[in-house]
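Close look at the chain arrangement
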Amino acid sequence: MLRIWGRPTSTCTMRVLWTCAEAGVPFDLTLASATMGAAGHVSRGGAAFGVVDTPAYRAMNPNGTIPTIDDGGFVLWESNAIVGYVAQTYAPAHLFGADARRFALGMQWMGWENEHLEPPLHTLVMELVRLDPDRRDASAAENARQRAIDALQVLDGVLTRQPYLAGDRFSMADIPTGIGVHRWLLLDLERPPMPALEAWHERLTTRRGFREHVLPADRHLG
Ligand SMILES: N[C@@H](CCC(=O)N[C@@H](CS)C(=O)NCC(=O)O)C(=O)O
């Protein structure tokens, strides 16, 4: 069985969990993290799940980050690489139409998400939720809000012309981006309306893998 190390509250881990659900791949999840545990973020006084600092884990993933997978002895880290691997190996037709161009569009949007959406979202979660109020920086939060809006307008523009990011049907391109947008919509801040983006997000919320691994409120903002 595919083994996954990570935590269900990490957007990077969620990408892998949702992809496995889409692909129908059973998995065994070992809770692992240096920064969060059952009681939330360590900055709130709770203990982290750990595991990531053990020699055995570092031998698999020298970064000490999550997620990592082991599929029958094949070890892989970097969540988007894992999404691509699971899609290629277990569900090419479902996750990219078994088409090289649609696969490449998936890689494009996953790389874009890491580059343009993930950094401002990380800042917003830290500044609005996780840091002690006396350590927060309002101008960093506002700057991140603006950067997130700029990025999301790119998505909204594409989604006014097509229902999904790689075209007319759901694909792996929608997974990391959909998780980022879901988190954005949960944050307590001012958001300009983006109707095409919101309608796409609504479509994603009907998927079983999304409902199981992304929708639960306790996966976010803890
Ligand atoms: N680009 C890497 C990022 C890995 C990463 O930084 N993961 C975060 C969670 S999203 C992490 O390890 N956080 C610290 C922890 O929980 O120990 C990926 O996509 O896998």
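Examining the overall build of the protein chain
Tallying secondary structure elements over the protein chain gives nine helices and six strands in all. The C-alpha atoms of the protein chain give a radius of gyration of 17 Å, which matches the 17 Å a tight globule of 222 residues would have. When the backbone C-alpha atoms are referred to their principal axes, the protein chain occupies close to 45 × 45 × 25 Å. When burial is assessed residue by residue, the protein chain has 51% of its 222 residues classed as buried. Of all intrachain contacts in the protein chain linking residues separated by at least 6 positions in sequence, the fraction that spans at least 24 positions is 65%. Accessible area of the protein chain: about 10000 Å², with a carbon and sulfur share of 54%. Charge separation in the protein chain, taken as the distance between the mean sites of 21 positive and 25 negative side-chain charges, equals 3 Å.

Re the domain arrangement of the protein chain
What the domain assignment reports for the protein chain is domain 1 (2-90) and domain 2 (97-212). A C-alpha centroid distance of 20 Å is found between domain 1 and domain 2. In this complex, domain 1 contributes 17 residues to the contact, which on the side of domain 2 involves 22 residues. Between domain 1 and domain 2 the total buried area reaches about 1800 Å² when both faces are included, carbon and sulfur atoms providing 60% of it. Counting the surface domain 1 buries against domain 2, the share from its top three residues, Arg-15, Trp-18 and Asn-80, is 37%. For the pair domain 1 and domain 2, the number of links is three salt bridges. Across the salt bridge formed by Arg-15 and Glu-113, the nearest N and O atoms sit 2.7 Å from each other. Among the elements of the structure, α1 (11-23) and α3 (79-90) are those that each provide at least two residues to the side of domain 1 that touches domain 2. Each residue belonging to the side of domain 1 that touches domain 2 can be placed in one class, and the counts come to six nonpolar, eight polar and three charged.

Describing α3
Note on helix geometry: an α-helix contains 3.6 residues per turn, so any two residues three or four positions apart are oriented the same way. Compared with an ideal rise of 1.5 Å per residue, which puts 12 residues at 16 Å, α3 spans 16 Å between its outermost C-alpha atoms and is within 8% of the ideal. If you check which residues of α3 are buried, you get Ser-79, Asn-80, Ile-82, Val-83, Gly-84, Tyr-85, Val-86 and Ala-87. Turning to α3, the residues buried within the fold contact α1, β5 (68-71), β6 (74-77), α4 (92-96), α5 (100-130) and α7 (174-186).

Things to note about the site of the ligand
If you check the shell around the ligand, you find Arg-7, Ser-10, Cys-12, Arg-15, Ser-33, Ala-34, Thr-35, Thr-65, Ile-66, Pro-67, Glu-78 and Ser-79 and nothing else. Between the ligand and Ser-33 there is a distance of 2.6 Å, counted from an oxygen atom to a side-chain nitrogen or oxygen. Between the ligand and the protein, one listed contact pairs an oxygen atom with a backbone N or O atom of Ala-34 at 2.6 Å. When isolated, the ligand has an accessible area of 510 Å², and the protein chains bury 77% of it. Grouping the constituent residues of the shell around the ligand by class yields four nonpolar, five polar and three charged.

Some words on unusual backbone geometry
Cis rather than trans, the peptide bond between Ile-66 and Pro-67 has omega equal to 0°. With respect to the helices and strands, Pro-67 occurs in the loop between α2 (55-60) and β5. Of note in the backbone geometry, Glu-78 takes a positive phi value of approximately 80° without being a glycine. Take Glu-78: it is sitting in the loop between β6 and α3. The class for Glu-78 is partly exposed, based on a relative accessible area of 45%. Backbone geometry places Ala-98, a non-glycine residue, at a positive phi of 45°. As for its position among the elements, Ala-98 is in the loop between α4 and α5. For Ala-98, a relative accessible area of 55% gives the class exposed.

The rules we used
Residues numbered from 1 in each chain as written. Predicted model: local features only at pLDDT ≥ 70, side-chain atom pairs only at ≥ 80, totals over all residues. Heavy atoms only, no water. Helix = DSSP H or I, 4+ residues; strand = E, 2+ residues; numbered from the N terminus. Rg over C-alpha atoms; globule rule 2.2 N^0.38 Å. Buried < 20%, exposed > 50% of the residue type's maximum accessible area, 1.4 Å probe, protein only. Contact = heavy atoms within 4.5 Å. Areas by Shrake-Rupley, 256 points an atom, 1.4 Å probe, with all protein chains shown as cover. Lys, Arg positive; Asp, Glu negative; His and termini not counted. Charge placed at Lys NZ, Arg CZ, Asp CG, Glu CD. Domains from an automatic or database assignment. Buried area = accessible area lost by both parts, 1.4 Å probe. Salt bridge = Lys/Arg side-chain N within 4 Å of Asp/Glu carboxyl O. Nonpolar A, V, L, I, M, F, W, Y, C, P; charged D, E, K, R; others polar. Expected span 1.5 Å × (residues − 1). Near = heavy atom within 4 Å. Polar contact = N/O pair within 3.5 Å; in protein donor to acceptor, adjacent residues only side chain to side chain.

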